[in-house]
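Understanding the architecture of this molecule
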Amino acid sequence: MRRPSISVLGQALLFLIPMLLIGYVFKRHETSALLLFFGFWFLVYAWILKSYKQTDFQFWIAASIVFRLALLAALPYLSDDFYRFVWDGRLLVNGYHPFAELPGYYLSGELTVPGINQSLYGNLNSPEYFTIYPPIAQFVFWLAVQVAPNSVIGSVIVMRIVLILTEVGTILLLLKLVRHFGLAEKRVLLYALNPLVIIELTGNLHFEAVVIFFILVGIYFLVQSRVASAGVSFACAISTKLLPLIFLPLFVMRIGLKKSFILYLSAGFTCVFLFAPLFNLEIINKFGQSVELYFNKFEFNASIYYIVREYGYLTKGYNVIQTVGWKLAVLSTSLILLYSFVPLKLVRKDGKWILDRRFGSIYLTSRLPQAMMWVLFIYLLFTTTVHPWYITTLLMLSIFTNYRFVLVWTALIFLTYAGYSEFAFVEVLPLTILQYVVVIGYLAYELLWIERETSLA
């Protein structure tokens, strides 16, 4: 690795300072400080990308890993989800099924579970709901508590080590895949150094890091024509968080019916195997309740849903989420299926949109990350909840494309933290509107006015 210049080392230091302050010092209700330092951090990130030289590539890859390691001992101040991770892990270690009962049951006095107490319960953000985390996530929770049974920060460090390892794997896989597709190595830095990715996945301990890793492993196996192995990897992604299920319909039109059958069979058997330890009809019912509540109760930083909700207030006088949330999910699913199975491959070239009829497996496999990006974008447009970490997967997929609207989104979605006070959350709707106007506007600009080859394939 070439020795970095003084200016590059200075950039790395300027990058590190706001990262450490956000990771270790500021609480999520300290809005002014958070937004100021995140904005500065993102500007340094943009400066690094703008002034990047190929000779510094290895340094920045190594630095991206060091930056993540620098957050190893941080207690996540911007998210309290990790308390539920520890809660589920302590239940598992002591032989209790995490889906069996609501958290309040264990404080009723009928039984005593080591580490399950009022102090931990008071930090849970949704104690009135069943857990929603699939088996691979639950395994990591169990491992973290097994290693550090009596320490929340100890369990956090164990989970963060797992996430950092998957992030390192992600960066290496991105490098392999951009080279395979003949793309510039610099694209890897769009993900590896992105401040939102670093703070939300490594810092705030969100398991999209694991999901992204397994999705990339699956794509890597596909380009190597190892279809059954790709199925196993996509099943692992689904068994970490359910969202990657939305990608499965894409494969029929892109790798062919025979290969798709092998992939689905492999993924199905793997999911059955991984979910088996958590399986029984009562548990499925409770898990289903959690999924249903997600679409019928939770709302955060939405786009189309908020427009529908405002119309509901005007016409009905109340929040229509219970009747609209699932309908938007059905509409989103229908659009995803339509996009997946109708073979319209629109390509914009030389200022005109044309129908591209190349359906060879090599061509379509190379387009797969872009197709996955559009599918996920459709989902995010129609869902009732879009947390900042949800778009990290979208960013990863976008680096294989010519679109940069997701990069703009990673800068703006951090504005959602402006809604937190010390005791409550009240969404700042003008900032939400600003976020989506800019992001959708920039996407429209990329689609309609940038003179380069772009595609909706």
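Residues numbered from 1 in each chain as written. Predicted model: local features only at pLDDT ≥ 70, side-chain atom pairs only at ≥ 80, totals over all residues. Heavy atoms only, no water.

Details of the overall build of the protein
The secondary structure content of the protein amounts to 20 helices and 3 strands. Across the 457 residues in the protein, those meeting the buried criterion constitute 54%. By sequence separation, contacts in the protein at least 24 residues apart represent 77% of the contacts at least 6 residues apart. Carbon together with sulfur atoms contributes 68% to the accessible area of the protein, which is approximately 19,800 Å² in total. (Helix = DSSP H or I, 4+ residues; strand = E, 2+ residues; numbered from the N terminus. Buried < 20%, exposed > 50% of the residue type's maximum accessible area, 1.4 Å probe, protein only. Contact = heavy atoms within 4.5 Å. Areas by Shrake-Rupley, 256 points an atom, 1.4 Å probe, with all protein chains shown as cover.)

Focus on a nonpolar patch on the surface
Together, Leu13, Leu14, Ile17, Phe40 and Trp47 line one region of the surface with nonpolar side chains, adding up to about 450 Å² of accessible area. Counting residues per element, the nonpolar patch draws most heavily on helix H1 (residues 6–24), at 3 residues. Tracing the chain through its elements places Trp47 in helix H2 (residues 31–51). (Patch = residues over 30% accessible without salt bridge, like charges linked within 9 Å, V, L, I, M, F, W, Y side chains within 5 Å. Salt bridge = Lys/Arg side-chain N within 4 Å of Asp/Glu carboxyl O.)

A look at the pattern of salt bridges
Considering all chains together, one arrives at 7 salt bridges under this definition. Put simply, Glu208 and Lys241 hold a salt bridge, and the shortest N to O gap is 3.0 Å. Pair noted here: Glu208 is in helix H10 (residues 208–223) and Lys241 is in the loop between helix H11 (227–238) and helix H12 (251–255), with a separation of 33 residues, a long-range link. The two residues Glu208 and Lys241 agree in class, both being buried. Salt-bridge contacts for Arg309 lead to Glu310; the nearest nitrogen and oxygen are separated by 3.7 Å. For Arg309, a relative accessible area of 9% translates into the label buried. Each of Glu299, Arg309 and Glu310 takes part in one network of salt bridges that share partners.

What to know about the state of the cysteines
The final tally for this structure, using the stated rule, is 0 disulfides. Lacking any disulfide linkage, Cys236 is separated from the closest cysteine sulfur, that of Cys271, by 8.2 Å. A residue is classified by how much of its surface remains accessible, and Cys236, at 14% relative accessible area, is buried. (Disulfide = S-S within 2.5 Å.)

What about the side chain of Thr392?
Checked against the element boundaries, Thr392 lands in helix H18 (residues 391–398). Not counting residues within four places of it along the chain, the set of residues in contact with Thr392 comprises Tyr191, Val197, Leu201, Glu208 and Ile212.

Quick word on the packing of helix H7 (residues 152–180) against H10
Where H7 meets H10, the closest approach of the two axes is 9 Å, and the angle between their N-to-C directions is 30 degrees. On the basis of the axis angle, H7 is roughly parallel to H10. Once H7 is placed against H10, the crossing between them reads as left-handed. For the pair H7 and H10, contact is made by Leu163, Thr166, Glu167, Gly169, Thr170, Leu173, Leu174, Lys176, Leu177 and His180 and by Ala209, Val210, Ile212, Phe213, Leu216, Val217, Ile219, Tyr220 and Val223, respectively. (Axes fitted to C-alpha atoms, helices over the stretch in contact; angles between N-to-C directions. Parallel < 35°, antiparallel > 145°, perpendicular 65-115°, else oblique. Left-handed = near helix turned anticlockwise from the far one by under 90°.)

Here's the deal with helix H20 (residues 429–448)
Side chains of residues three or four places apart in an α-helix project in the same direction, reflecting 3.6 residues per turn. Taking 1.5 Å as the rise per residue, H20 with 20 residues should run 28 Å; its terminal C-alpha atoms sit 28 Å apart, in good agreement. Looking at H20, one finds that the buried residues are Thr432, Gln435, Tyr436, Val439, Leu443, Glu446 and Leu447. Buried residues of H20, viewed axially, fall in a sector of 100 degrees; they line one side. Exposed and facing more than 90 degrees away from the buried side of H20 are Pro430, Ile433 and Val437. (Expected span 1.5 Å × (residues − 1). Arc of directions from axis to C-beta.)

Describing the side chain of Gln11
As for its position among the elements, Gln11 is in helix H1. The exposure class assigned to Gln11 is buried, which follows from its relative accessible area of 5%. Excluding anything up to four places from it in sequence, Gln11 contacts Val44, Trp47, Ile48, Ser51 and Trp60.

Some thoughts on the packing of aromatic side chains
Across all of its chains, the model carries 37 aromatic pairs by this definition. Between Tyr129 and Phe298, the aromatic rings sit 5.2 Å apart at their centres with planes inclined by 75 degrees, giving edge-to-face as the arrangement. In this pair, Tyr129 sits in the loop between helix H5 (118–121) and helix H6 (135–147) while Phe298 sits in the loop between helix H14 (281–296) and helix H15 (304–316), placing the two residues 169 residues apart along the sequence. Exposure remark for Tyr129: the relative accessible area of 11% places this residue in the buried category. Centre to centre, the rings of Trp374 and Phe377 are 6.4 Å apart; their planes meet at 65 degrees, and the pair counts as edge-to-face. With Trp374 and Phe377 both in helix H17 (residues 361–382) and 3 residues apart, the pair spans about one turn of that helix. Given the relative accessible area of 7%, Trp374 is considered buried. (Phe/Tyr/Trp six-rings, centres within 6.5 Å; stacked < 30°, edge-to-face > 60°.)

Overview of unusual backbone geometry
At Leu205, a residue that is not glycine, the phi angle is positive and equals roughly 65 degrees. Along the chain, Leu205 falls in the loop between helix H9 (195–203) and H10. Looking at Leu205, the relative accessible area reads 0%, which means it is buried. Positioned with a positive phi, Asn301 is a non-glycine residue whose angle comes to about 55 degrees. Here Asn301 is to be found in the loop between H14 and H15.

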